[in-house]
Amino acid sequence: MSEGRIRVLIAKPGLDGHDRGAKVLARAMRDAGFEVIYTGLRQTPDQIVSAAVQEDVDVIGLSILSGAHNHLFPRIMQLLEEAGAEHILVIAGGVIPEEDIPALEKLGVSRVFTPGTPTSEAIGFIRERVGA
Amino acid sequence: MERCEIDAMISGIRDNRPGTLARAISMIEDEEPDSAHLLEGLHPFTGGSHVVGITGPPGSGKSTLTDRITKHLRKRSKSVGVVAVDPTSPFSGGALLGDRTRMGDLATDPEVFIRSMGTRGSLGGLSRAVYGAIKVLEAAAKDVILVETVGVGQSEVDIARVADTVVVVFVPGLGDDVQAIKAGITEIGDLLVVNKADLPGASRVESVLESTLNLAPPREEPAPKIASASAERDEGVEELLDLIEEHRNLARESGLLELRRRMRARAEITAILARRVSRHTEGYLSDGDNGWYRRLTRGEVSPGELAEELWSKLLGQESEG
């Protein structure tokens, strides 16, 4: 799987309409040589998982600022498992309180990046975990 | 990969399993050694889909139009494959593939499969892997395959070598009559669509296209048809789809389809060969130790003679191997 280019799906689950962070990250990842599929605002967990499967991505990056992560992320992880796509690395960013992070990591979210994290940190993390 | 794994993959593709389709397209994109065997195995199951190309300048609404056409096709109970190409950065090798932002709610329809691709160095408006991706989708028995090119300028005409029907999207405000007479993308369309027909200047674009067609010398293929649409408002799309289907039927009856398919096969074979030759020769020419450059600068050989030498070497290798 590491033979080709790293493919990342950047998705915005839920109802908030702020995608500045998602776009900044998408751009930084493009400049790092990744192929970034951006799916736009207000995606349902079903849409995100189907898109990730069709695009054969190595990574899903979830950007969320609405506070609904405890509700949406479990559903996404469950759908990934049902689709046989649990090999996809899931990372998250946005406004997520520290105290929620352990539970999300237990669900299988590999890493949660809180506001202020340099984009290079997320990129480094992906390179380390996915290779290529 | 074992022979049986490739066979399993082929049957997964024919069963329309999204994960298998996706993996197969990645193998082709990454030019994994097994992809050649995969494509060989898929070949007998190809040729049944209507391949429609959608091309036009950046921002002309290709993705939105693709989304709307797909929805109307679904109303007609057709299954759809979409290949959407966006440019790869020549500097980083990365790409931002954003066509899905216009197609969000198609993602969960099991009869629709969408794949985004970077051009990965190809300059003709498509990616080299498009041929292969079409084969995968054909083998999955998609009724219609929509291929959306990158935003094109004037000379990215590869789509004409790939599609059965080519739709060129125009919008108001891009230039005067001369733009429409210039050679290139305006010549490859079977259907010319003026999108954003609700904007001022749209009817003017239509009449310019019409007069351009009237000036065109007679050709063997039927003259392109002109349509107008507002993809955003979902107006004119149903009619456009009628024209797309009509084109396919006429092309089939007149033998044009056969001709296009022949051209496509020719382009594909040529591309495979060209790739192979360039891999061999690049290997030789990037090797600093064999002295080819020294011989060239001393005037012992010309570039033409060196090419001839490499060619013989290549033929020798091929017959041995």
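Residues numbered from 1 in each chain as written. Chains lettered and ligands numbered in written order. Predicted model: local features only at pLDDT ≥ 70, side-chain atom pairs only at ≥ 80, totals over all residues. Heavy atoms only, no water.

## Remarks on the overall build of chain B
The condition is simple: Helix numbers and strand numbers start at the N terminus; a helix is a DSSP run of H or I with at least 4 residues, a strand a run of E with at least 2. Each radius of gyration reported is based on C-alpha atoms, and the globular scaling rule is 2.2 Å times the count of residues to the power 0.38. The buried label applies to any residue whose accessible area, calculated with a 1.4 Å probe on protein chains only, is under 20% of its type's maximum; exposed applies above 50%, and partly exposed to all values in between. The contact rule is simple, with two residues in contact once any of their heavy atoms fall within 4.5 Å. Surface exposure here means Shrake-Rupley accessible area, sampled with a 1.4 Å probe, where a residue is shielded only by the protein chains that are shown.
Check the secondary structure of chain B and you find eleven helices and eight strands. Against the globule reference of 20 Å for 321 residues, chain B gives a C-alpha radius of gyration of 22 Å, in line with a compact fold. Each of the three principal axes of chain B carries a C-alpha extent, and together these read 65 × 50 × 40 Å. By the burial criterion, 49% of the 321 residues in chain B qualify as buried. A separation of at least 24 residues holds for 76% of the contacts in chain B among residues at least 6 apart in sequence. When the accessible surface of chain B is summed, it comes to about 15,600 Å², and 53% of that surface belongs to carbon and sulfur atoms.

## A few points about the sheet that holds strand S5 (residues 144-148) of chain B
Residues and elements named next belong to chain B. Cut-off, in case you're wondering: When DSSP finds two or more bridges between a pair of strands, those strands are recorded as paired. Where helices are involved, their axes are fitted lines through C-alpha atoms of the stretch in contact, as for all axes, and angles between N-to-C directions lie from 0 to 180°.
Taken together, the seven strands give an open sheet; going across it, the order is S4-S2-S5-S1-S6-S7-S8, and neighbouring strands pair in parallel fashion. At either margin of the open sheet sits one strand with a lone partner, and together these are strand S4 (112-118) and strand S8 (225-228). Strand-to-strand twist in this sheet, taken as the mean axis angle between neighbours without regard to direction, amounts to 20°. Of the strands in this sheet, strand S6 (165-170), strand S7 (191-194) and S8 touch helix H7 (residues 202-215), which is tilted by about 160° from S7.

## Points about the domain arrangement of chain B
Quick reminder of the rule: Domain borders in the structure are assigned automatically or taken from a domain database.
Each assigned domain of chain B is listed here: domain 1 (48-253) and domain 2 (268-320). Computed over C-alpha atoms only, the centres of domain 1 of chain B and domain 2 of chain B are separated by 39 Å.

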